[in-house]
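An overview of the molecular structure
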Amino acid sequence: MDIREALKERILILDGGMGTCIQQLGLKYDGNNDALPMTNPDAIFQIHKAYVDAGADIISTCSFSANAVSQEGYGMQDRIHDMNVAAAKVARHAADTAIGRQVWVMGSMGPSPKSLFIIEMMMDPSETLTYEVLEKAYYDQATGLLEGGVDGFLVETVTDARNAEAALSAIARVQKEHSTNLPVMVSGSIMNASGCLMTGISLKDLYDVCSPFGLMSFGLNCSFGARELYPFIKEIGEFAKCAVSVYPNAGMPTSNGYEEGPCDTASALRKMAEDGLINIAGGCCGTTPEHIRHVAESLEGLPARKF
């Protein structure tokens, strides 16, 4: 079944924090999570599989920062294609272990270390990051993800509409060249109770920038815990003509991890589902397969938001 059809039938469960699980494994590496599908594919496979076994319908590739701009700091900007192909393949392998059901793989594409909006506003002639440079970086990433076998693309943790536009433009170009029509998800990250992105843009304005690219879903991730995101998810539902997604942090970080246990996150997401606000639910920083297991069980049988 096409994921877009499945979304009309039920709430789909997204996976949880990849970085959180990598940290829990205690892997000895240089902090570049996105290289791990190449250097330690078995570990990344086990994380993906744990989320599949927990009930995730969608898993996202370990490629959040696998673009040339972000990888410059690690000196790996020349390995982008291999990095994304590897990330897609290991996720695909894990998804295909699901028994009796379909699990979709979305290619994760996160923000760059710099904001195009701020660079363009400041008109800094010494700045080397331009729209064309970033669009090319996302183009190379999307090409690798597509060739690795993803079912769609997830442009996530968006804090700058211009950066998101570059990613979506790149995805559109790759899909046109490969004659594909894979679904695209966009997920923003708000900075505070104002509900605005880091650059000050509203959620409605971000949606208006992204919606011409034909989104499967639009929503929020990271930011805060699910309870704090409730009013903003409700706001998105008032203007979004597509599915609505939410995958929050497990509350705020503390000295011992994060505030929310699995039951806390599941309860807050269930409230959104009961109020008819969401189509996709999962977790971000601090969430684990146990969080996702509780979310999947808590949301089972609840109807998806109509759109």
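Presented here is a report on the structure given in the accompanying data block. Quick caveat: nothing in here was measured; it's all calculated off a predicted structure. (Residues numbered from 1 in each chain as written. Predicted model: local features only at pLDDT ≥ 70, side-chain atom pairs only at ≥ 80, totals over all residues. Heavy atoms only, no water.)

**Section: the packing of aromatic side chains**
Counted under the stated rule, the structure contains three aromatic pairs. Residues Tyr 207 and Phe 239 carry aromatic rings whose centres are separated by 5.4 Å and whose planes lie at 50 degrees to one another, so their mutual orientation is tilted. One end of the pair, Tyr 207, is in helix 10 (residues 203-210); the other, Phe 239, is in helix 11 (residues 226-239), with 32 residues separating them in the sequence. Positioned over the ring face of Tyr 139 is Arg 173, at 3.9 Å from the centre of the ring. (Phe/Tyr/Trp six-rings, centres within 6.5 Å; stacked < 30°, edge-to-face > 60°. Helix = DSSP H or I, 4+ residues; strand = E, 2+ residues; numbered from the N terminus. Lys NZ or Arg CZ within 6 Å of the ring centre and 35° of its normal.)

**What to know about the state of the cysteines**
Applying the stated criterion to the full structure yields zero disulfides. No disulfide involves Cys 210; its sulfur sits 9.7 Å from that of Cys 242, the nearest cysteine. Here Cys 285 stays free of any disulfide, with the sulfur of Cys 222 as its closest cysteine sulfur at 3.9 Å. (Disulfide = S-S within 2.5 Å.)

**Considerations on the pairing of strand 4 (residues 152-158)**
Burial of strand 4 is extensive: seven of the seven residues sit out of reach of the surface. Note: strand 3 (residues 104-109) against strand 4, four bridges, orientation parallel. Note on strand 4: the bridge partner recorded for Met 106 is Gly 152. Relative to strand 5 (residues 184-188), strand 4 is paired through four bridges, and the arrangement is parallel. Among the inter-strand pairings, Val 158 is bridged to a residue of strand 5, identified as Gly 188. Where the polypeptide runs from strand 4 across helix 9 (residues 161-178) and back to strand 5, its parallel neighbour, the crossover connection is right-handed. (Buried < 20%, exposed > 50% of the residue type's maximum accessible area, 1.4 Å probe, protein only. Pairing = 2+ DSSP bridges. Right-handed = clockwise from strand over helix to strand, strands pointing away.)

**Topic: the packing of helix 12 (residues 262-274) against helix 13 (residues 289-299)**
One way to put it is that helix 12 packs onto helix 13 with a least axis distance of 8 Å and a crossing angle of 35 degrees. In this structure, the crossing between helix 12 and helix 13 has a hand that is right-handed. Listed contacts from helix 13 to Pro 262, Cys 263, Thr 265, Ala 266, Leu 269, Arg 270 and Ala 273 of helix 12 are Glu 290, His 291, His 294, Val 295, Ser 298 and Leu 299. Partitioning the contact of helix 12 with helix 13 into residue classes produces seven nonpolar, four polar and two charged. (Axes fitted to C-alpha atoms, helices over the stretch in contact; angles between N-to-C directions. Left-handed = near helix turned anticlockwise from the far one by under 90°. Contact = heavy atoms within 4.5 Å. Nonpolar A, V, L, I, M, F, W, Y, C, P; charged D, E, K, R; others polar.)

**Some details on the layout of surface pockets**
Space inside the largest pocket adds up to approximately 720 Å³. Taken together, 36 residues line the largest pocket, and the ones lying closest to its centre are Met 18, Gly 19, Asn 33, Phe 64 and Cys 285. Contributing elements (two or more residues each) for the lining of the largest pocket: helix 2 (18-25), strand 4 and strand 6 (217-222). Considering every element that reaches the lining of the largest pocket, the biggest residue donor is helix 2, with six residues. Along the lines of polarity and charge, the residues of the lining of the largest pocket split into 13 nonpolar, 20 polar and three charged. Counting residues per element, the lining of the second largest pocket draws most heavily on helix 13, which supplies three residues. Classifying every residue of the lining of the second largest pocket by side-chain character gives five nonpolar, two polar and five charged. (1 Å grid on protein atoms, 1.4 Å probe; cavity = no way out; pocket = protein on both sides within 12 Å on 5 of 7 lines; lining within 4 Å. Points joined across faces, edges and corners; volume = space filled by probe spheres on them.)

**Looking at the packing of helix 2 against helix 4 (residues 41-54)**
Where helix 2 contacts helix 4, the axes come no closer than 10 Å and their chain directions differ by 125 degrees. It follows from the interaxial angle that helix 2 and helix 4 lie oblique. Considering only the axes of helix 2 and helix 4, their crossing is right-handed. Within the contact between the two elements, helix 2 uses Met 18, Cys 21, Ile 22 and Leu 25 and helix 4 uses Ala 43, Ile 44, Ile 47, His 48 and Tyr 51. For the contact of helix 2 with helix 4, the class distribution of residues is eight nonpolar, one polar and no charged. (Parallel < 35°, antiparallel > 145°, perpendicular 65-115°, else oblique.)

**With respect to the side chain of Ser 189**
Note that Ser 189 resides in the loop between strand 5 and helix 10. When its relative accessible area of 6% is taken as the criterion, Ser 189 is described as buried. A polar side-chain atom of Ser 189 sits 3.4 Å from a polar atom in the side chain of Ser 223. Residues contacting Ser 189, with those up to four places away along its chain left out, are Thr 157, Val 158, Thr 159, Leu 197, Leu 220, Asn 221, Cys 222 and Ser 223. (Polar contact = N/O pair within 3.5 Å; in protein donor to acceptor, adjacent residues only side chain to side chain.)

**Notes on the nonpolar core**
Counting residues in each nonpolar core, the largest one holds 85 residues, and the members touching the most others are Ile 59 and Ile 278. Excluding anything up to four places from it in sequence, Ile 278 contacts Ile 11, Ile 233, Val 244, Val 246, Leu 269, Met 272, Ala 273, Leu 299, Ala 304 and Arg 305. The next biggest cluster of nonpolar side chains, apart from the first, holds 16 residues, and it includes Met 185, Met 216, Ala 243 and Tyr 247. (Core = buried A, V, L, I, M, F, W, Y, C linked by side-chain atoms within 4.5 Å.)

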